[in-house]
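These are the residues of each chain, in order.
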Amino acid sequence: MQKSPLHPFSATIMAWYAEHQRELPWRQTQDPYAIWLSEIILQQTRVAQGLPYFERLITAFPTVRDLAEAPEASLLRLWQGLGYYSRARNLQKAAQMVMRDFSGVFPQSYDEIIRLPGVGPYTAAAIASFAFDEAKAVVDGNVYRVLSRVFAVETDIASSAARGVFTSLAQSLIPMQDPATFNQAIMEFGALQCTPSPDCSDCPLRVSCAAFSEHRVAELPIKSKKTKVKEIEMDYLVIEQNGQLLVRERTEKGIWKGMWEFYLIEDACDWLPFQRQALKSPPVHLLSHRKIHCDAWYVQVPDNFELEIPEGYGWMSPSDFESKGKPVLLLNLITDNLDCPILQDISPTYL
Ligand code: SF4
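Please read these numbers as outputs of a predicted model, since none were measured by experiment.

Asks: Provide a residue-level description of the packing of aromatic side chains, including the pertinent values.
Replies: Scanning the model with the defined rule gives 10 aromatic pairs in all. With centroids separated by 6.5 Å and ring planes inclined at 65°, the aromatic side chains of Phe 9 and Phe 182 adopt a geometry described as edge-to-face. Residue Phe 9 is located in helix H1 (residues 8-20), and its partner Phe 182 is located in helix H11 (residues 179-192); the two are separated by 173 residues in the primary sequence. Since its relative accessible area comes to 3%, Phe 9 is described here as buried. Owing to a relative accessible area of 1%, Phe 182 belongs among the buried residues under this scheme. Relative to Phe 262, the ring of Tyr 236 has its centre 6.5 Å away and its plane inclined at 80°; by these criteria the two rings are edge-to-face. Taken together, the residues Tyr 236 in strand S1 (residues 230-241) and Phe 262 in the loop between strand S3 (260-261) and strand S4 (263-264) connect sequence positions 26 residues apart.

As structure tokens, this is what we get:
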């Protein structure tokens, strides 16, 4: 391929990247499956937190077939702690689609990759460029920040126009001869150098950065829309009888579908006439649109008492419950109350 001259911005960030890049396992490969797995994990997770999950998942499911055929429960169990469980479910649906519609061969172009469940324009561009050298620019929050500052782009990044504006700018900067390195470089530059509160004094783009020269670094990117956060109360009873716990799998639609939990208090619980011992409340749990407050109590039901079991719940041994996938909120509740013996038995073996 004939080389076209690099835009000075692209040349600078690629040179910076050569010196500053972090060594990450998914950067040592062009295997689209491994790259896809890492990108899905990193969608709402920091690199340091995602790294051990990537290692565990790629070891448990080394090929797209292994992932497609895995029991959903074992995937959710390995995903436990990462949150946003719909990502894990979509991962498996996509693996099944690769097996069914692409004869087990990971699709090789942006237009095909974007058809996979859970894969949006950013992830499709990342996979297509890293694995197949397709010149598709990635655009995510980091890219918005870098480009809006360097080129003084005033488009509101929360607006519907933002993706188009920033994608065409990034697309005009991506070098045909090495799109993968450009994409890695701009993302890494946003993650490590041009951070929300950057240290511009050692930035190689300082001389050409519009935000820096106009003293507008703190102002850009412009983001107007504030997400409305809904406050939710979720209170649990940890009910024990004969060394077993009363638990259930969440079957209702939502981000915690397929996760396991203790008895969720929805009414006055008159059916349980026993004294409750208050447990320590886990910290307020923040999801993208929700703020969850949780209180919890422990109740030991006498061995010979015939308890009327609420619909959907059942008894389970602590070790079986330990092996089930649980929302982070519950994991926090458990680890904050290890002085309660039965909770000690179900404390997570890793996190
Ligand atoms: S000078 Fe500052 S604002 Fe501009 S690109 Fe560098 S780190 Fe970002």
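Asks: Describe the UniProt feature "domain: HhH-GPD" (unreviewed entry) in the protein chain, listing the residues and the values that go with them.
Replies: Mapped onto this numbering, the UniProt entry gives "domain: HhH-GPD" (unreviewed entry) at residues 41-192. Structurally, residues 41-192 is divided into 64% helix and 0% strand, and its ends, taken at the C-alpha atoms, are 19 Å apart.

Asks: If you had to explain the site of the ligand to someone new, which residues and values would you point to?
Replies: Every residue near the ligand is listed here: Arg 149, Val 150, Phe 189, Gln 193, Cys 194, Pro 198, Cys 200, Cys 203, Arg 206, Cys 209, Phe 212 and Val 217. When the residues that make up the shell around the ligand are grouped by side-chain class, the tally is nine nonpolar, one polar and two charged.

Asks: I'd like to hear about the nonpolar core, residue by residue, with values.
Replies: The biggest cluster of nonpolar side chains holds 115 residues, and the ones touching the most others in it are Phe 9, Trp 36, Tyr 236 and Phe 262. Examining the composition of this core, we find that eight residues originate from one element, helix H8 (residues 121-132), more than from any other. When residues of this core are assigned to domains, at least three map to each of domain 1 (8-219) and domain 2 (230-345).

Asks: Give me the side chain of Arg 87: which residues, what numbers.
Replies: As for its position among the elements, Arg 87 is in helix H6 (residues 86-101). Here Arg 87 is buried and forms no salt bridge, its nearest opposite-charge partner Glu 39 lying at an N-O distance of 9.8 Å. A polar contact is formed between the side chain of Arg 87 and the backbone oxygen of Ile 40, at a distance of 3.1 Å. In this structure Arg 87 touches Ile 40, Ile 41, Leu 42, Gln 43, Gln 44, Thr 45, Trp 79 and Leu 82, once residues within four positions along its chain are discounted.

Asks: Could you give me a rundown of the domain arrangement of the protein chain, with the residues and numbers involved?
Replies: Under the domain assignment, the protein chain is made up of domain 1 (8-219) and domain 2 (230-345). Centre-to-centre separation of domain 1 and domain 2, based on C-alpha positions: 36 Å. The three residues of domain 1 that bury the most area against domain 2 are Arg 77, Gln 80 and Tyr 85, which together make up 51% of that side's buried surface. Seen at the junction of domain 1 and domain 2, the total is one salt bridge.

Asks: Would you mind going over the pairing of strand S7 (residues 290-300) in detail, with residue names and values included?
Replies: Two elements, S1 and S7, share 11 bridges in a ladder whose sense is parallel. In the sheet register, Leu 237 faces S7, and the bridge partner there is Trp 297. Pairing between strand S5 (residues 277-278) and S7: two bridges, direction antiparallel. From the neighbouring strand, Ala 278 faces S7, where its bridge partner is Trp 297. As paired elements, strand S6 (residues 285-286) and S7 share two bridges and run antiparallel to each other. Directly across from Leu 286, in S7, lies its bridge partner Lys 291.

Asks: For the side chain of Ser 148, give the residues involved together with the corresponding values.
Replies: Along the chain, Ser 148 turns up in helix H9 (residues 141-150). A relative accessible area of 1% places Ser 148 in the buried class. Beyond its immediate stretch of four places on either side in the chain, Ser 148 contacts Val 153, Phe 166, Leu 220 and Pro 221.

Cut-off values and rules
Residues numbered from 1 in each chain as written. Predicted model: local features only at pLDDT ≥ 70, side-chain atom pairs only at ≥ 80, totals over all residues. Heavy atoms only, no water. Phe/Tyr/Trp six-rings, centres within 6.5 Å; stacked < 30°, edge-to-face > 60°. Helix = DSSP H or I, 4+ residues; strand = E, 2+ residues; numbered from the N terminus. Buried < 20%, exposed > 50% of the residue type's maximum accessible area, 1.4 Å probe, protein only. UniProt positions renumbered as here; feature names shortened; annotations may be inferred. Near = heavy atom within 4 Å. Nonpolar A, V, L, I, M, F, W, Y, C, P; charged D, E, K, R; others polar. Core = buried A, V, L, I, M, F, W, Y, C linked by side-chain atoms within 4.5 Å. Domains from an automatic or database assignment. Lys, Arg positive; Asp, Glu negative; His and termini not counted. Salt bridge = Lys/Arg side-chain N within 4 Å of Asp/Glu carboxyl O. Polar contact = N/O pair within 3.5 Å; in protein donor to acceptor, adjacent residues only side chain to side chain. Contact = heavy atoms within 4.5 Å. Buried area = accessible area lost by both parts, 1.4 Å probe. Pairing = 2+ DSSP bridges.

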